Amino acid sequence: MLTRLPADFLDLLRCARLRLLRLHREANSGHIGGNLSCLDALLALHHGVMTSQDRFVLSKGHSAGALYITLWSMGLLSEEQLVTFCKDGTSLPSHPSGNGIPNLLFPTGSLGHGPSLSAGLALGLKHKQKAGTVFCLCSDGEWQEGSCWEALIFAVRQRLDNLVLLIDQNGLQGFGTTQEVAGITDLASRFAAFGASVLSVDGHDPQAIVHAIASGPHGLPHVVILHTRKGRGLHFENMLESHYLPLTEEQYQEGIQRINNREVAR
C-alpha cells in the first residue's frame, strides 16, 4: 500500500475535474453531483494508495464518470474512449459494465452489492494467502440496503483487515437528503457498533484521505467516512439538482471558471 501522493497531484486533480465536466457536458449526462463528490477520493486512492496487488470495486455505479476520469488520469483510458461516454456502441456506459473498462471486476449500478462482492474478494485473497487490499467505494444512501450490513457483519466476523470501505457521505440521494428519506446522518457510530474500524475525514482533502485509509488497524475491516459535497465546485453544490440534471452550456462554462479558481481547485 502506498501512502504518498505525487508532487503534481493538485494539478492532476484540477485537470481531472475539468475533464469530468466536459465528459458529462458532451454526453448531456446527469449524475455529475455524485461524481464530483467522490472524484477527489478516487484520484487519491488510485494515485496515492493502491498498488498492482490491490482491487477496486465501485459500488456506487452512477459515479462511473469519476472512475473513467481516474483511469484516464492513469493512462488506462484514452481520449478516444472518453469521447464515446454514454454514446451508442460505447464501452463506457453511464454505469460501468462490459469488457472495455480496465480493472473492472463487476458491473455495478443497482446499489448495495459492492460491499458483499468486496468482502468475498477479500476473503478469497485471505484463503489464497495473497497480498493486496480490496477497496470499495459506496454512497451513503445505499447503506439503507440490508445487504450492505450483512456484508459488514460477515467482514467483521471473518476479520477481513484487507477490506477498506470508503463511504461518500454527501447527504443527498435520489429523492431528498438521507435525513429526510431514512433519518440516517451518523453512519460512523453505526459502523463502529457493528465492530468495524472507523475513521471520518474531509472527503475533499486528498492527503487526509490517504492518511485515513492507511490508518486502519490490523484484524478488522476498515471504514473511511468521506464527508463530501455533492456537485463540488458547481452552481448547485450540495443541492439535490446535481443528482440528476445535466449541465447547460452556460452552467458548464461557469463550472470551468469555478474549478480554475484557486479556492476551488486547491
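The structure under discussion appears in the preceding block.
Quick summary incoming for the structure in this document. (Residues numbered from 1 in each chain as written. Predicted model: local features only at pLDDT ≥ 70, side-chain atom pairs only at ≥ 80, totals over all residues. Heavy atoms only, no water.)

Thoughts on the overall build of the protein
What counts is decided by this rule: Each helix is a run of DSSP H or I of at least 4 residues and each strand a run of E of at least 2, with the numbering of both proceeding from the N terminus. Note on method: radius of gyration uses C-alpha positions; expected globular size equals 2.2 Å times residues raised to 0.38. Residues count as neighbours in contact if any of their non-hydrogen atoms are within 4.5 Å of one another. Each accessible area is a Shrake-Rupley estimate made with a 1.4 Å probe; only the visible protein chains count as cover when residues are assessed. Charged-residue counts in this description rest on Lys and Arg as positive and Asp and Glu as negative, His and the chain ends being excluded. Every charge is mapped to an atom, namely NZ of Lys, CZ of Arg, CG of Asp or CD of Glu.
Looking only at helices and strands, one finds 12 helices and 7 strands in the protein. Compactness check: the protein gives a C-alpha radius of gyration of 17 Å against a globular reference of 18 Å for 266 residues, within 12% of the reference. Here the C-alpha coordinates of the protein stretch approximately 50 × 40 × 35 Å along the principal axes. Considering only contacts within the protein whose residues lie at least 6 apart along the sequence, 74% involve residues at least 24 apart. Total accessible area computed for the protein in this model is approximately 11,500 Å², and 50% of it derives from carbon and sulfur atoms. Charged side chains in the protein number 21 positive and 24 negative. The centres of these two groups are separated by 6 Å.

Here we look at the packing of helix 1 (residues 9-27) against helix 11 (residues 249-260)
This is how it is decided: Axes, fitted as lines to C-alpha atoms, cover a helix only where it is in contact. Angles between the N-to-C directions of the axes lie from 0 to 180 degrees. In these notes the angle categories are as follows: under 35 degrees is roughly parallel, over 145 is roughly antiparallel, 65 to 115 is roughly perpendicular, and the rest is oblique. Polar here means any residue outside two lists: the nonpolar Ala, Val, Leu, Ile, Met, Phe, Trp, Tyr, Cys and Pro, and the charged Asp, Glu, Lys and Arg; Gly therefore counts as polar.
Orientation of helix 1 relative to helix 11, taken along the N-to-C sense of each, is 175°, at an axis distance of 10 Å. In terms of axis orientation, helix 1 runs roughly antiparallel to helix 11. Across the interface between the two elements, Arg14, Arg17, Leu18, Leu21, Arg22 and Arg25 of helix 1 pack against Glu249, Tyr252, Gly255, Ile256, Ile259 and Asn260 of helix 11. A class-by-class count of the residues in the contact of helix 1 with helix 11 yields 5 nonpolar, 2 polar and 5 charged.

What to know about the sheet that holds strand 1 (residues 55-58)
This is how it is decided: When DSSP finds at least two bridges between two strands, those strands are taken to pair.
An order of 1-2-3-7-6 is seen for the 5 strands of this open sheet, with the pairing classed as parallel. The open sheet has two edge strands with one neighbour each: strand 1 and strand 6 (197-202). Ignoring which end each strand starts from, the neighbouring axes of this sheet average 20° apart. Pairing analysis gives 4 bridges linking strand 1 to strand 2 (residues 134-139), with the strands arranged parallel. Looking at the pairing, Leu58 lines up with Leu137 of strand 2.

Regarding the environment of Arg258
To be explicit about the condition: We call a residue buried when its accessible area falls under 20% of the maximum for its residue type, exposed when it is over 50%, and partly exposed in between, using a 1.4 Å probe and counting protein chains only.
Among the secondary structure elements, Arg258 is positioned in helix 11. Residue Arg258 is classed as partly exposed on the basis of its relative accessible area of 32%. Taking C-alpha positions, Arg258 is 9.9 Å from Leu18, a pair spaced 240 residues apart along the chain.

A closer look at the environment of Glu237
Formally: Any N or O atom pair separated by 3.5 Å or less is treated as a polar contact, with the protein-specific requirement of one donor-capable and one acceptor-capable atom, and with residues adjacent in sequence counted only for side-chain atom pairs.
Mapped onto the fold, Glu237 is located in the loop between strand 7 (222-227) and helix 10 (241-244). Considered as a pair, Glu237 and Gly33 are 204 residues apart in the sequence and their alpha carbons are 7.4 Å apart. Residues contacting Glu237, with those up to four places away along its chain left out, are Arg229, Lys230, Gly231 and Arg232. Engagement of the side chain of Glu237 in a polar contact is seen with the backbone nitrogen of Gly233, the distance being 2.6 Å.

Points about the nonpolar core
The test is simple: We define the nonpolar core as a collection of buried residues of types Ala, Val, Leu, Ile, Met, Phe, Trp, Tyr and Cys that are connected through side-chain atoms lying within 4.5 Å of one another.
One finds Phe56 and Ile213 to be the most contacted residues of the largest nonpolar core, which totals 49 residues. The element that contributes the greatest number of residues to this core is helix 2 (residues 32-48), accounting for 9 residues. Apart from the residues lying within four places of it in its own chain, the contact partners of Phe56 are Leu42, Leu45, His46, Met50, Leu67, Asn103, Leu105, Phe135 and Leu137. Counting 24 residues, the second largest nonpolar core, distinct from the first, contains Ala122, Leu125, Val223 and Ile225.

What to know about a nonpolar patch on the surface
The criterion, for reference: Each patch groups residues whose relative accessible area exceeds 30% and which form no salt bridge, using 9 Å between like charges and 5 Å between nonpolar side chains of Val, Leu, Ile, Met, Phe, Trp and Tyr. When a carboxyl oxygen of Asp or Glu lies within 4 Å of a side-chain nitrogen of Lys or Arg, that pair is called a salt bridge.
A grouping of Phe175, Val181, Tyr244 and Leu245 is seen on the molecular surface, where their side chains present a nonpolar patch of about 460 Å² in accessible area. As for its position among the elements, Tyr244 is in helix 10.

Some details on the layout of surface pockets
In plain terms, the rule: The way it works is a 1 Å grid over only the protein atoms, where trapped points that fit a 1.4 Å probe form a cavity and open points with protein on both sides within 12 Å along at least five of seven lines form a pocket, and then any residue with an atom within 4 Å of a point lines it. Grid points are joined across faces, edges and corners, and a volume is the space filled by probe spheres set on the points.
Counted as a void, the largest pocket has a volume near 290 Å³. Along the walls of the largest pocket sit 18 residues, with His46, Met50, Asp54, Phe56 and Asn103 positioned nearest its centre. Of all elements in the fold, only strand 1 and helix 3 (64-73) reach the threshold of two or more residues within the lining of the largest pocket. Of the residues in the lining of the largest pocket, the class split is 11 nonpolar, 5 polar and 2 charged. Along its surface, the second largest pocket is lined by 20 residues, and His62, Leu111, Ser139, Gln173 and His243 are the ones closest to its centre.

Here we look at the packing of aromatic side chains
Going by this rule: For Phe, Tyr and Trp, where Trp contributes only its six-membered ring, two rings pair if their centres lie within 6.5 Å, and the inter-plane angle classes them as stacked under 30 degrees, edge-to-face over 60, or tilted in between.
Considering all chains together, one arrives at 5 aromatic pairs under this definition. Note on Trp149 and Phe194: the rings are 4.9 Å apart at their centroids and 35° apart in plane angle, and the pair reads as tilted. Taken together, the residues Trp149 in helix 6 (residues 146-157) and Phe194 in the loop between helix 8 (187-193) and strand 6 connect sequence positions 45 residues apart. Clustering of aromatic rings is evident, with ring pairs tying together Trp143, Trp149, Phe191 and Phe194.

What about helix 9 (residues 206-214)?
The following threshold applies: Taken from the helix axis, the directions to the C-beta atoms give the arc we talk about.
For helix 9, the set of buried residues is Pro206, Ile209, Val210, Ala212 and Ile213. Projected down its long axis, helix 9 shows its buried positions confined to an angular sector of 165°, all on one face. The inward-facing, buried residues of helix 9 abut helix 1, helix 2, strand 2, strand 3 (163-169), strand 6 and strand 7.

Concerning the side chain of Ser63
In this fold, Ser63 is placed in the loop between strand 1 and helix 3. Among the polar contacts listed, one links the side chain of Ser63 to the backbone oxygen of Gly34, at a separation of 3.0 Å. If sequence neighbours within four positions are ignored, Ser63 has contacts with Gly34, Asn35, Cys38 and Leu58.

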